[in-house]
Amino acid sequence: AQSVTQLGSHVSVSEGALVLLRCNYSSSVPPYLFWYVQYPNQGLQLLLKYTTGATLVKGINGFEAEFKKSETSFHLTKPSAHMSDAAEYFCAVSDQSGYSTLTFGKGTMLLVSP
Amino acid sequence: DAGVIQSPRHEVTEMGQEVTLRCKPISGHDYLFWYRQTMMRGLELLIYFNNNVPIDDSGMPEDRFSAKMPNASFSTLKIQPSEPRDSAVYFCASSLIGAEQYFGPGTRLTVT
């Protein structure tokens, strides 16, 4: 069984500040890891993904995440927040068996203040 | 490609009525997923299909919910009869095997 824990249902930052959204996962097999973003009244959009290879993954809109197996973490970062980054962010895990089911975290709402 | 298409975008209905939500996945994708999102329960997987065959429907809340995928380009989620607690946003997503899922814009269902 797999699970995802996102620490903090809400994170507030000032525009220009570092964004750090935390994600820890539990998986008995090598995982695939994903971050999705959801803007108000929209569906989820893929930000980035880790499958195999390089543990530092770069995504869209300046976001990146690092897979740390020893810490079972996949935290999302962005050096400088922009007002347009305000949205809800979901971390998700699947296994590498070839099946495509995802287990999602409960989401973290990112609030960006001017 | 136009992405995953869902209709209607908004549905308001009265308790007891039948509701049908529709989804057109991305062409060539062989997996299709139905999710429900609420404030209380977050994002829940209801059912998913592989090559038009239902694989796991353990997330379907009760017998009032049913889903079909008659062909590779169309799926429906039906609620009969609907209840106020079914009010939520319903998402459809599709993917290729072992790859990321692409989500539709969702259908916001309100049952009064």
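Residues numbered from 1 in each chain as written. Chains lettered and ligands numbered in written order. Predicted model: local features only at pLDDT ≥ 70, side-chain atom pairs only at ≥ 80, totals over all residues. Heavy atoms only, no water.

Draft legend 1. Structural context of the interface of chain B and chain A. Contacts between the two partners involve 19 residues from chain B, matched on the other side by 17 residues from chain A. Between chain B and chain A, a total of about 1,500 Å² is buried, with carbon and sulfur atoms accounting for 55% of that surface. Three residues stand out in chain B for area buried against chain A, namely Leu43(B), Glu100(B) and Phe103(B), and they jointly supply 32% of the buried area on that side. Counting every contact that joins chain B to chain A gives one salt bridge. (Contact = heavy atoms within 4.5 Å. Buried area = accessible area lost by both parts, 1.4 Å probe. Salt bridge = Lys/Arg side-chain N within 4 Å of Asp/Glu carboxyl O.)

Draft legend 2. Expanded view of the pattern of salt bridges. In the structure shown here, the tally under the stated rule is eleven salt bridges over all chains. Lys49(A) serves as the salt-bridge partner of Glu100(B), at 2.6 Å between the closest nitrogen and oxygen. Taken together, the positions of Glu100(B) in the loop between strand E9 (88-95) and strand E10 (102-103) and Lys49(A) in strand E5 (residues 44-50) put the pair across two chains. Assessed through its relative accessible area of 9%, Glu100(B) is described here as buried. Across the salt bridge formed by Arg85(B) and Glu62(B), the nearest N and O atoms sit 3.2 Å from each other. One end of the pair, Arg85(B), is in the loop between strand E8 (74-79) and E9; the other, Glu62(B), is in the loop between strand E6 (53-56) and strand E7 (65-71), and 23 residues separate them in sequence. (Helix = DSSP H or I, 4+ residues; strand = E, 2+ residues; numbered from the N terminus. Buried < 20%, exposed > 50% of the residue type's maximum accessible area, 1.4 Å probe, protein only.)

Draft legend 3. Examining the side chain of Thr107(B) more closely. All names here are of chain B. In this fold, Thr107 is placed in strand E11 (residues 107-111). A relative accessible area of 0% means that Thr107 is categorised as buried. When near neighbours in sequence (up to four residues on either side) are disregarded, Thr107 contacts Gln6, Ser7, Pro8, Arg9, Leu21, Ala88, Val89 and Tyr90.

Draft legend 4. Representation of the packing of aromatic side chains in the model. This structure, assessed with the given rule, holds 15 aromatic pairs over all chains. A centroid spacing of 5.3 Å and a plane angle of 35 degrees characterise the contact between Tyr35(B) and Phe103(B), whose relative ring orientation is tilted. Placement of the pair is Tyr35(B) in strand E4 (residues 31-38) and Phe103(B) in strand E10, with a sequence separation of 68 residues. Exposure class is identical for Tyr35(B) and Phe103(B). Each is buried. Here the aromatic cluster, defined as three or more aromatic residues joined through ring pairs, consists of Phe34(A), Tyr36(A), Phe90(A), Phe104(A), Tyr31(B), Phe33(B), Tyr35(B), Tyr48(B), Phe91(B) and Phe103(B). (Phe/Tyr/Trp six-rings, centres within 6.5 Å; stacked < 30°, edge-to-face > 60°.)

Draft legend 5. Examining the sheet that holds strand E3 (residues 19-26) of chain A more closely. Residues and elements named next belong to chain A. One open sheet accounts for five strands, arranged E1-E3-E8-E7-E6; its pairing is antiparallel. Looking along the sheet, the strands with just one partner apiece sit at the ends: strand E1 (3-7) and strand E6 (56-58). For this sheet the average axis-to-axis angle between neighbouring strands, irrespective of direction, equals 20 degrees. Where E6 lies against strand E7 (residues 64-68), three bridges are found, and the strand directions are antiparallel. Directly across from Leu56, in E7, lies its bridge partner Glu66. (Pairing = 2+ DSSP bridges. Axes fitted to C-alpha atoms, helices over the stretch in contact; angles between N-to-C directions.)

Read these as layout, nothing more, since geometry by itself doesn't imply function.
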